[in-house]
Amino acid sequence: MTIQELKRRKRELGYSNAKVAELSGVPLGTVQKIFSGETSYPRYATLQALEQVLGEPTSTGKSFVNETTAPYLTKKQGDYTLEDFYAFPEDYRIELIDGVIYSMTSPASAHQLIAGYIYAQLFNHVAKEQGGCLPMISPIDVQLDCDDKTMVEPDVIVVCDRDKVINRCVYGAPDFVLEVLSPSTKKKDMIIKLNKYMNAGVREYWMIDPDKKAVSIYDFEHEDYPLICGFEDNVTVSILDGQCQIDFKKMYDYISFLYRD
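Residues numbered from 1 in each chain as written. Predicted model: local features only at pLDDT ≥ 70, side-chain atom pairs only at ≥ 80, totals over all residues. Heavy atoms only, no water.

Draft legend 1. Expanded view of the packing of aromatic side chains. The final tally for this structure, using the stated rule, is 13 aromatic pairs. Between tyrosine 117 and tyrosine 254 the ring centres are 5.6 Å apart and the planes differ by 35 degrees, which places this aromatic pair in the tilted class. Remark: tyrosine 254 occurs in helix 8 (residues 248-255) and tyrosine 117 occurs in helix 6 (residues 109-129); sequence separation between them is 137 residues. Residue classification places tyrosine 117 among the buried positions, given a relative accessible area of 15%. Overall, tyrosine 254 belongs to the partly exposed group, its relative accessible area being 44%. Aromatic side chains tyrosine 119 and phenylalanine 123 sit 6.1 Å apart centroid to centroid with 35 degrees between the ring planes, which places their arrangement in the tilted category. (Phe/Tyr/Trp six-rings, centres within 6.5 Å; stacked < 30°, edge-to-face > 60°. Helix = DSSP H or I, 4+ residues; strand = E, 2+ residues; numbered from the N terminus. Buried < 20%, exposed > 50% of the residue type's maximum accessible area, 1.4 Å probe, protein only.)

Draft legend 2. Looking closely at the pairing of strand 5 (residues 156-159). Going residue by residue along strand 5, you find Val156 and Val158 tucked away on one face and Ile157 and Val159 tucked away on the opposite face as well. One ladder, built from four bridges, connects strand 3 (residues 134-137) with strand 5; its direction is antiparallel. Paired with proline 135 across the two strands is valine 158, which belongs to strand 5. (Pairing = 2+ DSSP bridges.)

Draft legend 3. Up close: the pattern of salt bridges. Per the stated rule, a full pass over the model turns up twelve salt bridges. Note that glutamate 179 is salt-bridged to lysine 193, the shortest N-O span being 2.6 Å. Residue glutamate 179 is found in strand 7 (residues 176-180), and its partner lysine 193 is found in helix 7 (residues 186-200); the two are separated by 14 residues along the sequence. For lysine 193, a relative accessible area of 2% gives the class buried. Here aspartate 189 ties to lysine 193 by a salt bridge, and the two come within 3.8 Å at their closest N and O atoms. Separated by four residues within a single helix, aspartate 189 and lysine 193 lie in helix 7, roughly one turn from each other. Both residues of the pair, aspartate 189 and lysine 193, count as buried. Among the charged side chains, a network of salt bridges with common partners joins Glu95, Glu179, Lys188, Asp189 and Lys193. (Salt bridge = Lys/Arg side-chain N within 4 Å of Asp/Glu carboxyl O.)

In structure tokens form, the structure reads like this:
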């Protein structure tokens, strides 16, 4: 059974999280995380235990675990590799960072509109100037450290060394990375990925917080960071020789309907 099917059966049976934990032997905290959506990929053994309680009986009177919930997460976090990463179905949005698997929820409308707007400005600038850099937008895999322990999916990147762009992914650090923050990714983007990007050789990293209407600029190349801007500012893209500016006021005008009550 899928997690959605387990949720449906839980509602039908009228079970509380505490009741499910009691009957299944799964810790209450784990049950709460699964049914709240905080844990997207529970262990196979955990799913089996939950289905013993919530699963619909078959003709033999026994429940079964749907094979589509195969045990993709069976290792200890920190031990996963690209082999495990590529074993996930294509519709599972995940990142691999230092052997740890992170699930990625579907982005909100503001997230997509902001990323799309800035990508368009970068692309238009590079096309007009006939530059050699390549702006790219998610979904695009980036094998950041050129090892088998990390594969990230930034929202927008610019790659100026075209040899890094291969069919499978971007192999190595992009020159520019932009991440639009969301509640589920904020900690990862602001701490884990900030340090990963800096240490991997990314020259410039932008983080955009739609809720706070703030832009954090990390110019690693010139060791000038962080610069905090707002949605009323023009912000210069350093790696494009200062010739490209993003007008965040225009961007906000473009998405302001999402902020109306």
